[in-house]
Amino acid sequence: MIEIKHLTKTYGDAEDAPRALDDVSLEIADGDIMGIIGMSGAGKSTLVRCINLLERPTSGEIIVDGQDVTGLSGTSLRSYRRRVAMIFQSFGLLSQKTVLSNVCFPFLAANGKVTPENRERALELLDMVGLREKASSYPSQLSGGQQQRVAIARALACDPEYILCDEATSALDPASTNTILKLLRDINRKTGVTVIVITHSMGVVEKICHNVAVLEHGRVVEQGSVADVFANPRSNAAQVLLERVDWDA
Ligand SMILES: Nc1ncnc2c1ncn2[C@@H]1O[C@H](COP(=O)(O)OP(=O)(O)OP(=O)(O)O)[C@@H](O)[C@H]1O
């Protein structure tokens, strides 16, 4: 379980620097698919970068399975990062490496080598995302949706407990978006991995998330089950994102 307590992040040291995150508190239960939604600049990417410690919070705590991870460094930081895989909008594949080498990359990064068992596991993961036959292809030979499926296979290589998806489907057409969302939902059901979906699309939240938190100007303005928030959006941000505002008013 991830408990985020009173998290604040300001960029820079100026006393009047705006807060990208302002007293954010959230709980993400094991096995959940949690959506974090907000408009541009709301603080979604900052939150994700704080969760995987690419950014250090200015104050507050991120407690993972009872342990405050905000001060981790060295080997404990590296092993924490292996528990938390990332999927990005831009896929982040290595263009000079084959699909199989990309999926094997986390093994190489962790152990300095890729064993035959690692290669077998990578092929199983490519099977899971329906791309085993593309193992010898290069990323440029794949569609965007296929590249994102490879990125998902790579993310799973370390058997993560959490997958953070930062606008993972924003660059994809509707059909590829659905394929990726279904894949993430199936992986969540099969493996129990917790999925955190950062998006500005209520459609994405509606399709796969169980719970959702709405961010606005760095603050959580609403959170709850997707069914409740969709049925009765209370915050202005949720109403705008759900297009329930009257533009002529
Ligand atoms: N490295 C940085 N240095 C200074 N300010 C930053 C930095 N990164 C983000 N910010 C600011 O923090 C605020 C939140 O940005 P963030 O990227 O987290 O929002 P977001 O919700 O992910 O937006 P988008 O959907 O457009 O990606 C914004 O005001 C942004 O300008």
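Summarised in this report is the structure supplied together with it. (Residues numbered from 1 in each chain as written. Predicted model: local features only at pLDDT ≥ 70, side-chain atom pairs only at ≥ 80, totals over all residues. Heavy atoms only, no water.)

1. Regarding the nonpolar core
Now for step 1: Of all hydrophobic cores here, the largest spans 52 residues; its most connected members are Ile87, Leu126 and Ile152.
Now for step 2: Ignoring sequence-local partners within four residues, the contact set of Ile152 consists of Ile87, Val129, Ile180, Leu183, Leu184 and Ile187.
Now for step 3: Core analysis: the second largest hydrophobic core is formed by 29 residues, Leu53, Val64, Leu164 and Ala213 among them. (Core = buried A, V, L, I, M, F, W, Y, C linked by side-chain atoms within 4.5 Å. Buried < 20%, exposed > 50% of the residue type's maximum accessible area, 1.4 Å probe, protein only. Contact = heavy atoms within 4.5 Å.)

2. As for the packing of helix α3 (residues 99–111) against helix α5 (residues 144–156)
Now for step 1: Here α3 crosses α5 at 30°, and the two axes come no closer than 7 Å. The pairing of α3 with α5 is recorded here as roughly parallel in orientation. Of the two possible hands of crossing, α3 and α5 adopt the one that is right-handed. The segment α3 lies against α5, with Val99, Asn102, Val103 and Pro106 engaging Val150, Ala153 and Arg154.
Now for step 2: A per-class count over the contact of α3 with α5 returns 5 nonpolar, 1 polar and 1 charged. (Axes fitted to C-alpha atoms, helices over the stretch in contact; angles between N-to-C directions. Helix = DSSP H or I, 4+ residues; strand = E, 2+ residues; numbered from the N terminus. Parallel < 35°, antiparallel > 145°, perpendicular 65-115°, else oblique. Left-handed = near helix turned anticlockwise from the far one by under 90°. Nonpolar A, V, L, I, M, F, W, Y, C, P; charged D, E, K, R; others polar.)

3. Structural notes on helix α4 (residues 116–128)
Now for step 1: With 13 residues, α4 should cover 18 Å at 1.5 Å per step; its first-to-last C-alpha distance of 18 Å lies within 8% of that length.
Now for step 2: Where α4 is buried, its residues touch α3 and α5.
Now for step 3: One or two steps after α4, the chain reaches Gly130, where phi turns positive at roughly 75°. (Expected span 1.5 Å × (residues − 1).)

4. Section: the pairing of strand β9 (residues 211–216)
Now for step 1: Summarising the sheet, strand β3 (residues 33–38) and β9 pair through 5 bridges and their orientation is parallel. Bridging across to β9, Gly35 finds its partner in Val212.
Now for step 2: Pairing of β9 with strand β10 (residues 219–225), which is carried by 6 bridges, proceeds in the antiparallel orientation. Bridging from a neighbouring strand, Glu216 pairs with Arg219 of β10.
Now for step 3: Here β9 folds back onto β10, and the loop between the two strands holds 2 residues, one of which, His217, carries a positive phi near 45°. (Pairing = 2+ DSSP bridges.)

5. Considering unusual backbone geometry
Now for step 1: Positive phi outside glycine occurs at Asp65, with the angle close to 50°.
Now for step 2: The residue Asp65 is located in the loop between β4 (59–64) and β5 (67–68) in this model.
Now for step 3: Positive phi outside glycine occurs at His217, with the angle close to 45°.
Now for step 4: By secondary structure assignment, the location of His217 is in the loop between β9 and β10.

6. Side note on the pairing of strand β6 (residues 84–88)
Now for step 1: The element β6 is largely enclosed, with a buried count of 4 among its 5 residues.
Now for step 2: As paired elements, β6 and strand β7 (residues 162–166) share 5 bridges and run parallel to each other. Bridge assignment links Ile87 to a residue of β7, and that residue is Cys165.

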